Amino acid sequence: MRYIIIGAGAIGGTVGGRLAEAGQEVVLVARGAHRTALTEGGLRLRVPQGELTYRLPVVDGPDALGTLRADDVLFLAVKTQDTEAALRVWGPAPVEGGGTAAELLPLVCAQNGVESPRLALRRFRHVYGVCVWLPATHVEPGVVSAAGTPLTGILHLGRYPHGTDDTARRIAADLEKAHFEAPVVPDVSRWQYAKLLSNLGNALEAVSGPVGDPEAETLYARVRAEGEAVLHAAGIAWASTEEQQALRGDKVTLVPLDGAPRGGGSSWQSLSRGAGTIEADHLNGEIALLGRLHGVPTPLNELLQRLANQFARDRRAPGSLPLPELIRLADDRAAGAVAFVQES
């Protein structure tokens, strides 16, 4: 199979580089300065083994490839806010023998949140979800860092909304030759909702810095508690923390990389690159949506969603809101929500 990596950033670049290292045919899809750097200097992948450079085909869309092959796998790794645009472009792409990508090819959604596979299923027949546990960083054009060892990451994979098939198992087999563990599971959404709860801290980290301070951890616990209450109300199951830890163990241990500081998670990286957009609408905003649908207040997630979007629009530096100020805002919002509920 040929892997077309749509969005060759932190996740897509790492997966694409590792697959290429394992002998798979890989095409990278990128835009702007990142595309230029990939074309001119190759993909520079910094991993515990050192910096590896891969000279891979780089395109900005399906037109540059012509008719797609029947054995192509579309690996979608753009941020969720960019999913709809990517689906519009790649869905109608012609495939050899007749038909389109949306009709014939597997689309693997390797993204944070839970919305992208659902968006994809409106257009694509064969959609696969991935729970991405892959610590990776992309803040410099042409360069991606992944500090995990002995495995680069763990990627739970399954058909969306549920089930498994031979295609999922073939993709998983390729990933497992490329420094990943890729369990094929019939309930991939359950793992994605577990990751969603973890990702509720992304906006907190993006606006006020690493969630390492005890006060930051306490605030994150409050944000996560809102998320868990919402999922309970909606009847949505998720993999427990104990189940996740038992599976992961010490398979992905982060080590320092020369010249490649870890920085922060995906939302922090978006602010660092001055991307102008951020994924908060599909992380904290997913909890806000479910809360409104099921009558559960979510003031802290709404606050983080608003702040993260404001930071992205204004291109503010990550971590520039002092934590005490964020905690004060959170306390005010929570108190206001309680008062509203009491009055109602």
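Residues numbered from 1 in each chain as written. Predicted model: local features only at pLDDT ≥ 70, side-chain atom pairs only at ≥ 80, totals over all residues. Heavy atoms only, no water.

**Thoughts on the side chain of Arg159**
The test is simple: Numbering goes from the N terminus for both helices and strands, where a helix is a DSSP run of H or I of at least four residues and a strand is a run of E of at least two. Throughout this description, a polar contact denotes any pair of N or O atoms lying within 3.5 Å of each other; where both atoms belong to protein, one of them has to be capable of donating a hydrogen while the other can accept it, and for residues adjacent in sequence the pair is counted only when both atoms sit in side chains. Contacts are assigned to residue pairs with any non-hydrogen atoms lying within 4.5 Å of each other.
As for its position among the elements, Arg159 is in strand β12 (residues 153-159). A polar atom in the side chain of Arg159 sits 3.5 Å from the backbone oxygen of Arg125. Sequence-distant contacts of Arg159, that is, excluding residues within four places in its chain, are made with Arg125, His126, Val127, Tyr128, Thr164, Asp165 and Val188.

**Quick notes on helix α9 (residues 214-234)**
Owing to its 3.6 residues per turn, the α-helix aligns residues three or four sequence positions apart on the same side. The criterion, for reference: Each helix should span, by expectation, one fewer than its residue count multiplied by 1.5 Å. Think of it in three bands: with a 1.4 Å probe and only protein chains considered, a residue is buried below 20% of the maximum accessible area for its type, exposed above 50%, and partly exposed in between. Here, the arc refers to the directions that run from the helix axis to the C-beta atoms.
With 21 residues, α9 extends 30 Å between its outermost C-alpha atoms, agreeing within 8% with the 30 Å of an ideal straight helix rising 1.5 Å per residue. Buried within α9 we find Ala216, Leu219, Tyr220, Val223, Arg224, Glu226, Gly227, Val230 and Leu231. The buried side chains of α9 occupy one side of the element, clustering within an arc of 145° when seen end-on. Relative to its buried face, α9 has exposed residues pointing more than 90 degrees away, namely Pro214 and His232. Between the side-chain oxygen at the start of α9 and the backbone nitrogen of Glu215 there is a gap of 2.6 Å, and the oxygen is on Asp213. One or two positions beyond α9, positive phi appears at Gly235, with a value near 70°.

**A short note on the sheet that holds strand β4 (residues 50-54)**
The strands making up a sheet are joined through hydrogen bonds of the backbone, oriented either antiparallel or parallel. How we decide: Two strands form a pair only when DSSP identifies at least two bridges running between them. Fitted lines through C-alpha atoms give the axes, limited to the stretch in contact for helices. The angle between two N-to-C directions lies from 0 to 180 degrees.
Read across the open sheet, the four strands follow the order β4-β3-β10-β9; overall the sheet is mixed. Among the strands making up the open sheet, the edge pair consists of β4 and β9 (136-140). Recorded for the sheet is a direction-independent mean angle of 25° between the axes of neighbouring strands. Two strands pair when backbone bridges link them, and strand β3 (residues 43-47) and strand β10 (residues 143-146) are joined in this way by three bridges, in the parallel orientation.

**Looking at the pairing of strand β8 (residues 127-133)**
Put simply, the rule reads: When the strands point away from the viewer and the connection leading from the first strand across the helix to the second strand turns clockwise, the crossover is called right-handed.
Within β8, six of the seven residues are buried, which leaves it mostly tucked inside the rest of the structure. In the sheet, strand β7 (residues 107-109) pairs with β8 via three bridges, with the strands oriented parallel. Looking across to β8, one finds that Leu107 is bridged to Val127. Read from β7 through helix α5 (residues 115-121) to β8, the crossover connection turns out right-handed. Here β8 pairs with β12 via six bridges, running antiparallel. Residue Val130 lies in a different strand from β12, and its bridge partner there is Leu157.

**Things to note about the nonpolar core**
Soluble globular proteins tend to bury their nonpolar side chains together. Quick reminder of the rule: For the purposes of this section, nonpolar cores are sets of buried Ala, Val, Leu, Ile, Met, Phe, Trp, Tyr and Cys residues that join through side-chain atoms within 4.5 Å.
Counting residues in hydrophobic clusters, the biggest one holds 43 residues, and the most contacted among them are Leu219 and Leu326. Those elements giving two or more residues to this core turn out to be α7 (188-199), α8 (202-208), α9, α12 (284-294), α13 (299-314) and α14 (323-343). Sorting elements by how many residues they give to this core places α13 first, with seven residues. Ranked by size, the runner-up nonpolar core spans 39 residues in total, among them Ala136, Ala146, Ile171 and Ala178.

**Looking at the packing of α9 against α13**
Using the following cut-off: With respect to orientation, any angle under 35 degrees is reported as roughly parallel, any angle over 145 as roughly antiparallel, any angle of 65 to 115 as roughly perpendicular, and every other angle as oblique.
Taken N-terminus to C-terminus, the directions of α9 and α13 make an angle of 110°; their axes are 8 Å apart at the nearest point. Put simply, α9 runs roughly perpendicular to α13. For the pair formed by α9 and α13, the contact residues are Leu219, Arg222, Val223, Glu226 and Gly227 on the first element and Pro299, Leu300, Asn301 and Leu304 on the second.

**As for helix α3 (residues 83-90)**
Buried residues of α3: Thr83, Ala86, Leu87 and Trp90, and no others. Burial along α3 is one-sided: seen end-on, the buried residues are contained in an arc of 100°. Looking at the packing, one finds that the buried side of α3 touches β1 (2-6), β2 (25-29), β6 (72-76), α4 (101-104), β7 and α5.

**Focus: the sheet that holds β7**
Taking strand neighbours across the sheet as the criterion, the eight strands line up as β5-β2-β1-β6-β7-β8-β12-β13 in an open arrangement whose pairing is mixed. Only two strands of the sheet have a single partner each, and these edge strands are β5 (58-59) and β13 (180-181). In this structure, β12 lies alongside β13, joined through two bridges in parallel fashion. Its bridge partner being in β13, Ile154 is matched across the sheet by Glu181.

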